Amino acid sequence: MSEVSLQHIEKVYPYSEKKKSNLKVTDEGVHAVQDFNLNIKDREFIVLVGPSGCGKSTTLRMVAGLEEITRGELYIDGKLVNDVEPKDRDIAMVFQSYALYPHMTVRENLIKPYLLTKPGAADAEEKCMALLEKVGLAEKKDEYPCRLSGGQQQRVAIARALMRDPKVMLFDEPTSALDPQLTGEVLAIMQQLAAEHRTMVVVTHEMSFARGAANRILYVNGGLIAEEGTPEEIFGAPKTAELRAFWGSGFED
């Protein structure tokens with residue numbers, strides 16, 4: 001099972017002009033995420049879209065345990081995990097910045113973090129090579145990240161996230177730093193993961209990918225879920241004026 005439930009989740013930061021954007025501001029601070037309610041089913045693929053600074057990435061980081069939850073409850077497979085360490089949530093997150101270790105080879109970037117969570121695991125080498133084959137980079141196993149293209153580095157980051165076979169995979173704008181050709185490489189891997197029916201939550205600006213792969217799309221604005229539905233509903237028949245304006249104005253991330 002890989003079910004995730006966000007119940008009345010909120011994130012409040014100390015006030016600053018930098019974080020203000022279009023978010024709610026009170027004496028308590030800037031409400032980056034407010035009363036966020038979402039139930040993610042096992043093997044469901046969710047996509048979050050919305051304007052810059054609307055709370056998408058903050059929400060992902062709270063699910064991963066990288067941001068403290070101000071209020072509300074987060075459950076994974078029925079277990080309250082608000083105070084559970086990120087390494088113990090069985091969730092993997094892929095960032096827009098790749099976050100590879102520059103002093104390690106591709107192979108080491110996969111194996112060494114895995115052995116930190118599973119010391120002495122006998123399957124590390126086999127899993128590593130199988131995943132590098134999956135992302136088309138087996139021949140690059142002894143290269144350092146600086147010798148790879150951006151698309152190749154992101155594929156290594158995805159393979160590293162898969163090493164622990166996590167219950168849930170989170171992707172935060174994984175193609176935003178890539179040119180169109182390299183973006184295609186990464187989206188092809190993500191499309192394959194979606195076809196494997198993994199539980200995934202993705203923040204992306206690649207709307208053709210979202211439309212073709214997602215089970216549900218959530219339009220987030222001002223730290224709230226403003227609208228949600230199937231790709232057909234969100235793209236073909238948006239209910240709110242703000243979502244229609246978002247599509248019409250050329251969204252930003």
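Everything below is about the structure printed above this text.
Here is a short report on the structure shown in this document. (Residues numbered from 1 in each chain as written. Predicted model: local features only at pLDDT ≥ 70, side-chain atom pairs only at ≥ 80, totals over all residues. Heavy atoms only, no water.)

1. Notes on the pairing of strand β10 (residues 216-221)
Burial within β10 is extensive, with six of its six residues counted as buried. Where burial is concerned, the two faces of β10 agree: the one with R216, L218 and V220 and the one with I217, Y219 and N221 are both buried. Where strand β4 (residues 45-49) meets β10, four bridges bridge the pair, whose relative direction is parallel. By the bridge assignment, L48 is partnered in β10 with L218. Here five bridges tie β10 to strand β11 (residues 224-229), and the two strands are oriented antiparallel to one another. Across the sheet, L218 pairs through a bridge with E228, a residue of β11. Remark: two residues form the turn of the hairpin made by β10 and β11, two consecutive strands paired antiparallel; G222 in that turn has positive phi of roughly 65°. (Buried < 20%, exposed > 50% of the residue type's maximum accessible area, 1.4 Å probe, protein only. Helix = DSSP H or I, 4+ residues; strand = E, 2+ residues; numbered from the N terminus. Pairing = 2+ DSSP bridges.)

2. Some thoughts on the pattern of salt bridges
What the rule picks out here adds up to 15 salt bridges. The partner of K167 in a salt bridge is D77, with the nearest N and O atoms 2.8 Å apart. Separated by 90 residues along the polypeptide, K167 in the loop between α5 (150-162) and β8 (168-172) and D77 in the loop between β5 (71-76) and β6 (79-80) bring together distant segments of the chain. The exposure class assigned to D77 is partly exposed, which follows from its relative accessible area of 29%. Salt bridges here are not isolated pairs; linked through shared partners, they connect K134, D165, E196 and R198. (Salt bridge = Lys/Arg side-chain N within 4 Å of Asp/Glu carboxyl O.)

3. Some thoughts on the layout of surface pockets
Approximately 590 Å³ is the volume found for the largest pocket. Considering the residues around the largest pocket, the lining is formed by 22 residues, among which I91, A92, M93, R160 and R164 are closest to the centre. Among the secondary structure elements, those contributing two or more residues to the lining of the largest pocket are β7 (91-94), α3 (106-117) and α5. Of the residues forming the lining of the largest pocket, the biggest block, five residues, is contributed by α3. A breakdown of the residues in the lining of the largest pocket according to their chemical character gives 18 nonpolar, one polar and three charged. (1 Å grid on protein atoms, 1.4 Å probe; cavity = no way out; pocket = protein on both sides within 12 Å on 5 of 7 lines; lining within 4 Å. Points joined across faces, edges and corners; volume = space filled by probe spheres on them. Nonpolar A, V, L, I, M, F, W, Y, C, P; charged D, E, K, R; others polar.)

4. Notes on the environment of G223
Among the structural elements, G223 can be located in the loop between β10 and β11. For G223, a relative accessible area of 0% puts it in the buried group. Between the C-alpha atoms of G223 and G53, which are 170 residues apart in sequence, the distance is 8.4 Å. In this structure, G223 is in contact with L23, A32, V33, Q34, F36 and C54, ignoring residues within four places of it in sequence. (Contact = heavy atoms within 4.5 Å.)

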